[in-house]
Amino acid sequence: MTHDPRPFGRLLTAMVTPFAPDGSLDVEGAAKLATYLVDEQRNDALVVSGTTGESPTTTDAEKETLLRAVVDAVGDRAKIVAGVGTNNTAHTIELAHAAEKAGAHGVLVVTPYYNKPPQEGVARHFLAVADAVGLPVMIYDIPHRAGTAIATETMCRIAEHERIVAVKDAKGDLIASSWVLGRTDLAYYSGDDAATLPLLSIGGVGLVGTSTHFTGVLAKDMIEAFERGDNATALARHRQAMPLFTGIFRVPGTMLVKAGLNAQGRPAGPVRSPLVDATGAELDQLRRDAADAGIAL
């Protein structure tokens, strides 16, 4: 089966969810942030309600409201991918149905976490979601959070489904990814900002980033340079962005992204418990990391 080689473009950002000072959803701020990410940071698509968007602490109703706001703001010029993954297959399908009705262009589905299903359960989970909706599905393979890696054979099996078209690859195993890329037509997007260039070298197509709230232009330049065969420029952009590609994860990325956006005067607001807002020292370190990448915060 042949899919679009870049079903969601080259660069996506897993967008944070802006909250008002009282912790409520900032719908207007979400629209403004989405516009900035698409129009200034050169994103081809946005992931809404991923883990970076604090999906564990937003309600289903908030997820739908947020998604509709982002679709309305930028859905005419960027693809909007809704994070719908949970460790409950039935609930994931409910969220996927809601996302489809709200205008999403695709869904991101993470491996069921904590309950650690066997590979047969992992496969059935993804296939059930893909069967239930008419949207393209991006699989999120992140074993260090989910507790379970998607085995190569499982990935190749689910790739046979016509709507399973892409992978957000945060496994950190280029050998496993190489095997899947050689046996399927899945589009592989790096789920680790700093691993994007290595993944491109084995057939990956882009990045679903976190630091790309700030490094989007650098990341897009890197990907495009690699694609046109300008490896020297791609490597230079990779090395330039590395301080933020890695520094954004000194603490959970959501905390530092929101701190940086707040420092820039952009919509972000506080995080919700159990996360905590970044400290002044953590923000100062982020500013140093950004400066090393040639970016002002």
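Computed from a predicted structure; not experimentally measured.

A few points about the UniProt feature "binding site: pyruvate" (unreviewed entry) in the chain
Here comes step 1: The sites that carry the UniProt feature "binding site: pyruvate" (unreviewed entry) are, in the present numbering, Thr-52 and Val-208. Spatially, the listed residues are clustered: although they cover 157 residues, their C-alpha atoms lie within 11.0 Å of one another. The annotated residues contributing to the lining of the largest pocket are Thr-52 and Val-208.
Here comes step 2: On the secondary structure map, Thr-52 appears in the loop between strand E2 (45–48) and helix H2 (60–74).
Here comes step 3: According to the relative accessible area criterion, Thr-52 is buried, its value standing at 13%.
Here comes step 4: Topologically, Val-208 is positioned in strand E8 (residues 206–209).
Here comes step 5: Beyond its immediate sequence surroundings of up to four residues, Val-208 is in contact with Leu-12, Ala-14, Val-47, Met-138, Lys-168, Tyr-189, Ser-190, Gly-191 and Asp-193.

What to know about helix H12 (residues 280–292)
Here comes step 1: Spanning 13 residues, H12 covers 19 Å between terminal C-alpha atoms, matching the ideal 18 Å at 1.5 Å per step.
Here comes step 2: All buried positions along H12 are accounted for by Leu-283, Leu-286, Asp-289 and Ala-290. Along the axis of H12, the buried residues cluster in a sector spanning 115°; they form a single face. Structural note: H12 exposes Ala-281, Ala-291 and Asp-292 on the side pointing more than 90 degrees away from its buried face.
Here comes step 3: Where the residues of H12 are buried, they touch helix H10 (231–247) and helix H11 (253–264).
Here comes step 4: Looking at the residues trailing H12, positive phi occurs at Gly-294, about 80°.

With respect to the environment of Val-48
Here comes step 1: Relative to the assigned elements, Val-48 resides in strand E2.
Here comes step 2: Separated by 34 residues in sequence, Val-48 and Ala-14 place their C-alpha atoms 6.4 Å apart.
Here comes step 3: Once residues lying within four places of it in the same chain are set aside, the contact partners of Val-48 are Leu-66, Leu-67, Val-70, Ile-80, Val-81, Ala-82 and Gly-83.

Things to note about the pairing of E8
Here comes step 1: Across the two faces of E8 the burial is the same, with Gly-206 and Val-208 and Leu-207 and Gly-209 all buried.
Here comes step 2: Bridge count between strand E1 (residues 11–14) and E8: 3 bridges; the pairing is parallel. Across the sheet, the residue bridging to Leu-11 is Leu-207, located in E8.
Here comes step 3: Pairing between strand E7 (residues 187–190) and E8: 2 bridges, direction parallel. Each bridged residue has a counterpart across the sheet, and for Ser-190 the counterpart in E8 is Leu-207.
Here comes step 4: The β-α-β motif built from E7, the intervening helix H8 (residues 196–201) and the parallel element E8 has right-handed crossover chirality.

Observations concerning the UniProt feature "site: Part of a proton relay during catalysis" (unreviewed entry) in the chain
Here comes step 1: Per the UniProt record, "site: Part of a proton relay during catalysis" (unreviewed entry) is annotated on Thr-51 and Tyr-114. Annotated residues from the preceding list that form part of the lining of the largest pocket: these are Thr-51.
Here comes step 2: Relative to the helices and strands, Thr-51 resides in the loop between E2 and H2.
Here comes step 3: Setting aside anything within four residues of it in sequence, one finds Thr-51 in contact with Arg-145 and Thr-254.
Here comes step 4: As for its placement among the helices and strands, Tyr-114 is situated in the loop between strand E4 (106–110) and helix H4 (119–132).
Here comes step 5: For Tyr-114, a relative accessible area of 74% translates into the label exposed.
Here comes step 6: Ignoring sequence-local partners within four residues, the contact set of Tyr-114 consists of Asn-87 and Ala-146.

Quick notes on the nonpolar core
The tendency in soluble globular proteins is for nonpolar side chains to be buried side by side.
Here comes step 1: Core analysis: the biggest nonpolar cluster contains 81 residues, and Met-15, Leu-46, Leu-67, Val-70, Ile-139, Met-155 and Ile-164 have the highest contact counts within it.
Here comes step 2: It is helix H1 (residues 27–39) that provides the largest number of residues to this core, a total of 7 residues.
Here comes step 3: Of all hydrophobic cores here, the second largest spans 18 residues; its members include Ala-14, Val-110, Ala-187 and Tyr-189.

A few points about the pairing of E1
Here comes step 1: With burial as the criterion, each face of E1 is covered, one bearing Leu-11 and Thr-13 and the other bearing Leu-12 and Ala-14.
Here comes step 2: In this structure, E1 lies alongside E2, joined through 3 bridges in parallel fashion. Looking at E2, one finds that Thr-13 is bridged to Leu-46.
Here comes step 3: Once the chain exits E1 it traverses H1 before rejoining the sheet at E2, and the crossover so formed is right-handed.

About the thresholds
Residues numbered from 1 in each chain as written. Predicted model: local features only at pLDDT ≥ 70, side-chain atom pairs only at ≥ 80, totals over all residues. Heavy atoms only, no water. UniProt positions renumbered as here; feature names shortened; annotations may be inferred. 1 Å grid on protein atoms, 1.4 Å probe; cavity = no way out; pocket = protein on both sides within 12 Å on 5 of 7 lines; lining within 4 Å. Helix = DSSP H or I, 4+ residues; strand = E, 2+ residues; numbered from the N terminus. Buried < 20%, exposed > 50% of the residue type's maximum accessible area, 1.4 Å probe, protein only. Contact = heavy atoms within 4.5 Å. Expected span 1.5 Å × (residues − 1). Arc of directions from axis to C-beta. Pairing = 2+ DSSP bridges. Right-handed = clockwise from strand over helix to strand, strands pointing away. Core = buried A, V, L, I, M, F, W, Y, C linked by side-chain atoms within 4.5 Å.

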